[in-house]
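# Survey of secondary and tertiary structure
Here's the letter readout for the chains.
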Amino acid sequence: MSKRKAFITGLSGQDGSYLAEHLLEKDYEVYGMIRRHSDAESQDTRVVHLFDKGLIEADYGDLLDPSSINRLVALVKPDEIYNLGAQSHVRISFDIPQFTMQTNVVGTLNLLEAYRTICPTAHFYQASSSEMFGNEIDSDGFQRETTAMKPVSPYGCSKLAAYCIVRNYRNSYGLFASNGILFNHESPRRGANFVTAKIARGAAAINLGLQDALTLGNLDSYRDWGHAKDYVRAMHLILQHHEPDEFVISSKESHSVRDFCHAAFGYYDLDYKDYVKQDPKFMRPEELKKLQGDSSKSRKALDWEPDYNFSELVEDMVSSWESRFKTEAREA
Ligand code: NAP
Ligand code: G4F
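Residues numbered from 1 in each chain as written. Chains lettered and ligands numbered in written order. Predicted model: local features only at pLDDT ≥ 70, side-chain atom pairs only at ≥ 80, totals over all residues. Heavy atoms only, no water.

### Focus: the packing of aromatic side chains
As enumerated under the stated definition, the model contains eleven aromatic pairs in all. Each ring, one from Tyr-82 and one from Tyr-125, has its centre 6.0 Å from the other, and the planes form 40°; the classification is tilted. Of this pair, Tyr-82 sits in strand β4 (residues 80-83) while Tyr-125 sits in strand β5 (residues 123-129); the two residues are 43 residues apart in sequence, bridging distant segments of the chain. Across this residue pair, the class does not change: Tyr-82 and Tyr-125 are buried. (Phe/Tyr/Trp six-rings, centres within 6.5 Å; stacked < 30°, edge-to-face > 60°. Helix = DSSP H or I, 4+ residues; strand = E, 2+ residues; numbered from the N terminus. Buried < 20%, exposed > 50% of the residue type's maximum accessible area, 1.4 Å probe, protein only.)

Following this line, the structure appears as structure tokens:
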């Protein structure tokens, strides 16, 4: 029997790299799209190790360039399409709102059109986000598939528009197109300007004497944090479900940024209050105060459970940054 073929946009990102790894382990042929960077070494650092593990292609393309998408989708004729490519940073979406909207909305539409016209029997995964809820919370304190969505950032607005167009294409054209509504998920591969990676990196650097202080923004927002390795498993399961749908993926726990600092510095028996400073430049014009996802529907329908809890996630990130610093010091 021939292998199933997966096509991933955003291959070079945190999730793209873990998803490619997961699908290769499941014996898929994995194809991905990467963007051209002027610093060629940086464009595929998260996936370069996968070429030895069977990654087929990491071709140049861009969600804003329909010709590249059409070319790649026609070349691969995938059984499964994972749309992970996005301008994914919430605060930066206030600085580059038009690029964020173009990439996250028009880019998704470009990919949906290629899917609809070239391989309409494929299954399509859209990387939707808990940021779409904004500050809406059900009376029990959770967000779930049925919670109202009132985003509070250009990024959240872009993800909501993309979510809607995916549902619209499913209903209009009978496509197997699903939205994974994923709450925050982190890992040692998380970009260093997201808060968890910033804290994990900062705690490891301060403990090694490489840095004196760590400057953050709002310490009192709450997020529902899980591990990216667990969440890419859910993406795959969503496309194996018997029908397309919307699925919340979350840890069901909510912790503050302050809690994350406490745990990360606590790994070294340090008190974060001695090192963490605040600077308004890392605050947002409008803040999403609290996320806590109810993933009961997905846990039951997909038979999905996370392997990592909050403390294990923090430990994985802090210890990995410590190893990275030590390796760099040895190689210097
Ligand atoms: P990430 O690390 O920022 O990766 C985003 C990827 O998208 C990168 O490979 C990036 O390429 C690519 N990209 C950006 N603009 C593009 C464009 N115009 N054309 C093609 N590719 C483009 O994000 P992530 O954490 O892996 O998240 C994956 C997806 O899930 C994103 O859509 C994100 O919005 C969504 N999501 C993430 C979370 C989370 O907590 N991580 C939660 C909910 C939803 P470059 O490296 O070249 O920039
Ligand atoms: O780590 P963050 O930048 O993640 P945020 O904004 O929650 O977005 C992430 O999760 C979304 C899912 O809900 C994804 F869709 C999105 O793509 C992305 O992956 O910020 C988390 C919290 C915020 O409340 C922020 O104000 O941390 C606070 N924070 C405090 N100091 C900071 C900082 N955030 C960043 N990035 N940098 C700081 O210095």
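### A look at the site of ligand 1
Ser-12, Arg-35, His-37, Ser-88 and Tyr-155 are the nearest of the 25 residues found near ligand 1. At a separation of 2.9 Å, an oxygen atom of ligand 1 approaches a polar backbone atom of Leu-84. A distance of 3.1 Å separates an oxygen atom of ligand 1 from a polar atom in the backbone of Ala-86. Protein coverage of the free-state accessible area of ligand 1, which is 900 Å², stands at 90%. Among the elements of the structure, α1 (14-25), β5 and α5 (154-173) are those that each provide at least two residues to the shell around ligand 1. At three residues, the largest contribution of residues to the shell around ligand 1 is made by β5. (Near = heavy atom within 4 Å. Polar contact = N/O pair within 3.5 Å; in protein donor to acceptor, adjacent residues only side chain to side chain. Areas by Shrake-Rupley, 256 points an atom, 1.4 Å probe, with all protein chains shown as cover.)

### Concerning the sheet that holds strand β3 (residues 57-60)
Reading across from one edge, β3-β2-β1-β4-β5-β6-β11 is the order of the seven strands in this open sheet, with parallel pairing throughout. Lying at the two open borders of the sheet, with one neighbouring strand each, are β3 and β11 (246-249). Strand-to-strand twist in this sheet, taken as the mean axis angle between neighbours without regard to direction, amounts to 20°. Packed onto the sheet, α1 meets β1 (5-9), β2 (29-34) and β4 and runs at close to 175° relative to β1. Across the sheet, helix α4 (residues 97-118) lies against β1, β4, β5 and β6 (176-182), angled at about 170° from β5, the strand it touches most. (Pairing = 2+ DSSP bridges. Axes fitted to C-alpha atoms, helices over the stretch in contact; angles between N-to-C directions. Contact = heavy atoms within 4.5 Å.)

### Points about the site of ligand 2
Ser-129, Ser-130, Ser-221, Arg-284 and Glu-287 are the nearest of the 23 residues found near ligand 2. Val-195 has a polar backbone atom sitting 2.8 Å from an oxygen atom of ligand 2. At a separation of 2.7 Å, an oxygen atom of ligand 2 approaches a polar side-chain atom of Arg-223. Its residues assigned to classes, the shell around ligand 2 comprises eight nonpolar, nine polar and six charged. (Nonpolar A, V, L, I, M, F, W, Y, C, P; charged D, E, K, R; others polar.)

### Thoughts on the packing of helix α6 (residues 195-207) against helix α10 (residues 310-331)
At a closest axis distance of 8 Å, the pairing of α6 and α10 adopts a crossing angle of 55°. The orientation of α6 with respect to α10, classified from their angle, is oblique. Viewed along their axes, α6 and α10 form a crossing whose handedness is right-handed. Side by side, α6 and α10 meet where Thr-196, Ala-197, Ala-200, Arg-201, Ala-204 and Ala-205 of the first sit next to Met-317, Val-318, Trp-321, Glu-322 and Phe-325 of the second. (Parallel < 35°, antiparallel > 145°, perpendicular 65-115°, else oblique. Left-handed = near helix turned anticlockwise from the far one by under 90°.)

### Structural notes on the side chain of Glu-287
Within the element layout of this structure, Glu-287 appears in the loop between β13 (276-278) and α9 (296-302). Relative accessible area serves as the criterion here: at 18%, Glu-287 is assigned to the buried category. Within the structure, Glu-287 has its side chain in polar contact with the side chain of Asn-218 (distance 3.1 Å). Apart from residues no more than four positions distant in its own chain, Glu-287 is found in contact with Asn-135, Val-152, Asn-218, Ser-221 and Arg-223.

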